[in-house]
Amino acid sequence: MRRAAIDRLAAALALLAGGCALAPPPSVDQVRGEALPNTAVPARWAAGPADTGEVDDAWLLLFRDPALQELITEAMLYNTDLQAAAARVDAAAASASAAGAALFPQVNLMGHGGGKMGGDASGLQLAGLFASWEIDLWGRVRSGRDAATAQYEAVVLDERYARASIAALVAKSWFLAREAAVQKRIAGEMVDAAKELAGLSRNRLDVGKADELEVAQADASVLNYGDLVLQADIARQNALRAIEILAGRYPSGAIDPGEALPPPGPMIPTGLPSQLLERRPDVRAAERRVAAAFHATQQARAARLPRISLTASGSSVSSELFVLKERDNPVWSVGANLLMPVFDAGALRAQVDARTADEKAAVANYGRVGARAFSEVESALSTSFNLDSRAELLERAVRANERALGFARVRFEIGSGDQRAVQQQLLALSSARTSLTHVLTERLIQRVNLHLALGGGFEPPVSAAAAQ
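Residues numbered from 1 in each chain as written. Predicted model: local features only at pLDDT ≥ 70, side-chain atom pairs only at ≥ 80, totals over all residues. Heavy atoms only, no water.

### Quick notes on the pattern of salt bridges
In step 1: All chains considered together, the criterion is met by 21 salt bridges.
In step 2: A salt bridge links R178 to D65, with the nearest nitrogen and oxygen atoms 3.5 Å apart. With R178 in helix 5 (residues 140–206) and D65 in the loop between helix 2 (28–35) and helix 3 (66–78), this residue pair connects regions lying 113 residues apart in the sequence.
In step 3: The class for R178 is buried, based on a relative accessible area of 15%.
In step 4: Note that K184 is salt-bridged to D233, the shortest N-O span being 3.0 Å. Of this pair, K184 sits in helix 5 while D233 sits in helix 6 (residues 212–246); the two residues are 49 residues apart in sequence, bridging distant segments of the chain.
In step 5: Given a relative accessible area of 23%, D233 falls into the partly exposed group. (Salt bridge = Lys/Arg side-chain N within 4 Å of Asp/Glu carboxyl O. Helix = DSSP H or I, 4+ residues; strand = E, 2+ residues; numbered from the N terminus. Buried < 20%, exposed > 50% of the residue type's maximum accessible area, 1.4 Å probe, protein only.)

Structure, rendered in structure tokens:
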């Protein structure tokens, strides 16, 4: 009898060794071809000439802004969205581990006690060790494991992209806070200039060279520029609170961003368009979800086929109340189980159809994410080139308006011009300076957008000493 059990076990292991190999998921090129069949990737970026060198994750360090780097590091530690993303990674890892555990034998221990005066009063004492192992002939269990593993890899990439996105938000909010501080300073300088002009108007009124209308207009100009100061301060506080929320702080607006914008630096390296989809974490995550959906489809197909499991057990039974007929104690057994679907009203077929539809949706989602990636890079590049040109024009406009304001003031002071010309020129200068500041800030923000769109990171590199 024991020899027959060994023979059955050997036969089952032979079946296991000859089990079918799993079909590999579609390659990246296959997924790309199916998801983006009408997208011809150019050799160079269409927005204009760009440095096609390798994308550098340490690009943000070129700003030499320790305060910004410290805030980004703080956000990486305390941002609640990133903590949730990290928890999702842990959950996906546990799910993958659980799916892989089904490939190994499952062993359970059972015990039962029933004395004369307690328990169930049966007097039976039972101890048993039971083992079962599904022979994964058709790859159902392995496909489930591979689907969970691919899903885990996608969640890891999601978390990586989330970290880059949060860091980019901190950097952009930091630049916006600095812009608001600069705009507040500009508006304050305009207030001082308007006050000086109002004083000159009163002096002219005293000597009979002006009227009350001119003085009222000068006072109104002071109030209007004062309102701009308050608006800029509100924008600054909102940007600072956004940074504090991202860093997990209380939104008190207590951070000091400084009152100057950093230089934009050279245009960042962009790599080649053909490299983008392989570099962006969100695109790679979408590809991993295609693989997960493929394995889930294979798992559903394998579920329609018979399942074979090996079983083994050992048990010992005794009684205080009566003598058992079976004298062999403990008892060992080895066997096999076969489970084959016969009729399920189409449920398993429907599961295959559902998983196939999920796979098609995953491919379409890859195409959506990939197309968005190309669009984001091209838009950021195009906007950056445009902002560079606008910044050059506005710098020249500021200088020209400063000269014109000087001439208008001289003419007003010597009596050959009126206040209206000075106010108009003051307003033109204020508008040019405000526009220039906004363009310089937007150029920094677009640099950040471009770096994120290219799949670059923002976290400062960890030094060797810190790593130890």
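### Section: the confidence of the model for the protein chain
In step 1: Model confidence for the protein chain is summarised by a mean pLDDT of 83, while 85% of its residues fall at 70 or above.
In step 2: When the elements of the protein chain are averaged for pLDDT, helix 11 (residues 464–467) gives the smallest value, 38, and helix 8 (residues 281–302) the largest, 95.
In step 3: A low-confidence stretch, residues 8–18 (pLDDT under 50), is modelled with 10 contacts involving residues beyond four sequence positions or located in other chains.
In step 4: In the model, residues 463–468 has pLDDT below 50 throughout and makes one contact with residues more than four positions away in sequence or in other chains. (pLDDT = per-residue confidence, 0-100. Contact = heavy atoms within 4.5 Å.)

### Topic: helix 6
In step 1: With 35 residues, helix 6 extends 52 Å between its outermost C-alpha atoms, agreeing within 8% with the 51 Å of an ideal straight helix rising 1.5 Å per residue.
In step 2: Of the residues trailing helix 6, G248 is marked for its positive phi of about 80 degrees. (Expected span 1.5 Å × (residues − 1).)

### A look at the nonpolar core
Nonpolar side chains in soluble globular proteins tend to be buried together.
In step 1: One finds L60, L68, F175, Y366, V377, L450 and F458 to be the most contacted residues of the largest nonpolar core, which totals 53 residues.
In step 2: Where this core is concerned, the elements lending two or more residues are helix 2, helix 3, helix 5, helix 6, helix 7 (273–279), helix 8, helix 9 (347–413) and helix 10 (419–453).
In step 3: Among the elements that line this core, the one with the most residues is helix 5, at 10 residues.
In step 4: Leave out the neighbours within four places in its chain, and L68 touches L60, V170, A171, W174 and F175.
In step 5: Residues V182, A193, Y225 and L387 belong to the second largest nonpolar core, which totals 26 residues. (Core = buried A, V, L, I, M, F, W, Y, C linked by side-chain atoms within 4.5 Å.)

### Remarks on helix 9
In step 1: Between its terminal C-alpha atoms helix 9 stretches 92 Å, which fits the 99 Å expected from 67 residues at 1.5 Å a residue.
In step 2: Count one or two residues on from helix 9 and you reach G415, which has phi positive near 90 degrees.

### A look at the environment of R241
In step 1: The residue R241 is located in helix 6 in this model.
In step 2: Through-space distance from the C-alpha of R241 to that of G253 is 5.0 Å; in sequence the pair is 12 residues apart.
In step 3: Ignoring sequence-local partners within four residues, the contact set of R241 consists of P251, S252 and G253.

### What to know about the packing of helix 2 against helix 9
In step 1: With their axes 8 Å apart at the nearest point, helix 2 and helix 9 run at an angle of 80 degrees to one another. Between helix 2 and helix 9, the angle is such that the two are roughly perpendicular. Contact residues: helix 2 offers V28, V31, R32, E34 and A35, while helix 9 offers V363, Y366 and G367.
In step 2: Along the lines of polarity and charge, the residues of the contact of helix 2 with helix 9 split into five nonpolar, one polar and two charged. (Axes fitted to C-alpha atoms, helices over the stretch in contact; angles between N-to-C directions. Parallel < 35°, antiparallel > 145°, perpendicular 65-115°, else oblique. Nonpolar A, V, L, I, M, F, W, Y, C, P; charged D, E, K, R; others polar.)

### A closer look at the side chain of Q425
In step 1: Its location among the elements puts Q425 in helix 10.
In step 2: Assessed through its relative accessible area of 17%, Q425 is described here as buried.
In step 3: A polar contact of 2.7 Å, which involves the side chain of Q425, links it to the side chain of N401.
In step 4: When near neighbours in sequence (up to four residues on either side) are disregarded, Q425 contacts N401, A404, L405 and A408. (Polar contact = N/O pair within 3.5 Å; in protein donor to acceptor, adjacent residues only side chain to side chain.)

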